[in-house]
Amino acid sequence: MDELGRLKRLPLRMYWKNEAKDFTPWLAKHPGELGEVVGMDIEVVDTEVAVGRYTVDILAKDTGANRMVVIENQLERTDHDHL
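Because the structure is predicted, anything quoted here is derived from the model rather than measured.

Quick notes on the overall build of the chain
Okay, so step 1: Broken down by element type, the chain carries two helices and three strands.
Okay, so step 2: Element order for the chain, N to C, with α for helix and β for strand: α-α-β-β-β.
Okay, so step 3: Along the longest, intermediate and shortest principal axes, the C-alpha atoms of the chain span 50 × 30 × 20 Å.
Okay, so step 4: Taking all 83 residues of the chain together, 22% fall into the buried category.
Okay, so step 5: A total of about 7,000 Å² of accessible surface is found on the chain, and carbon and sulfur atoms cover 53% of it.
Okay, so step 6: Between the averaged position of the 11 positive side-chain charges in the chain and that of its 16 negative side-chain charges there is a distance of 6 Å.

What follows is the structure, encoded as structure tokens:
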């Protein structure tokens, strides 16, 4: 039988020091985990995609619903620039 562990809250910056260079690439490599949490079948199309004067962290597709998805991730509190 596998042993169970304990969940422990850790500082996010301990693992992802820089949001764009560390967290976004990690998230793009693990779309299944994100999709599981939000109830979508996510397939990453590209990262850091220019949209007008803004940049989208991750452009993805919800293959179950056949629609595009914009993922704007943050490690800190959100602000109006990220909405």
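As for the sheet that holds strand S1 (residues 42-51)
Okay, so step 1: Spatially, the three strands line up as an open sheet ordered S1-S2-S3, and their pairing is antiparallel. Both edges of this open sheet fall to S1 and strand S3 (67-71), since each of them pairs with a single strand only. Across the sheet, the mean angle separating the axes of adjacent strands is 30° when strand polarity is ignored.
Okay, so step 2: Pairing analysis gives eight bridges linking S1 to strand S2 (residues 54-62), with the strands arranged antiparallel. Following the sheet pairing, Glu 43 is matched in S2 by Lys 61.
Okay, so step 3: The strands that helix H2 (residues 31-38) touches are S1 and S3; relative to S1, the one it contacts most, it runs at about 100°.

Basis of the calculations
- Residues numbered from 1 in each chain as written.
- Predicted model: local features only at pLDDT ≥ 70, side-chain atom pairs only at ≥ 80, totals over all residues.
- Heavy atoms only, no water.
- Helix = DSSP H or I, 4+ residues; strand = E, 2+ residues; numbered from the N terminus.
- Buried < 20%, exposed > 50% of the residue type's maximum accessible area, 1.4 Å probe, protein only.
- Areas by Shrake-Rupley, 256 points an atom, 1.4 Å probe, with all protein chains shown as cover.
- Lys, Arg positive; Asp, Glu negative; His and termini not counted.
- Charge placed at Lys NZ, Arg CZ, Asp CG, Glu CD.
- Pairing = 2+ DSSP bridges.
- Axes fitted to C-alpha atoms, helices over the stretch in contact; angles between N-to-C directions.
- Contact = heavy atoms within 4.5 Å.

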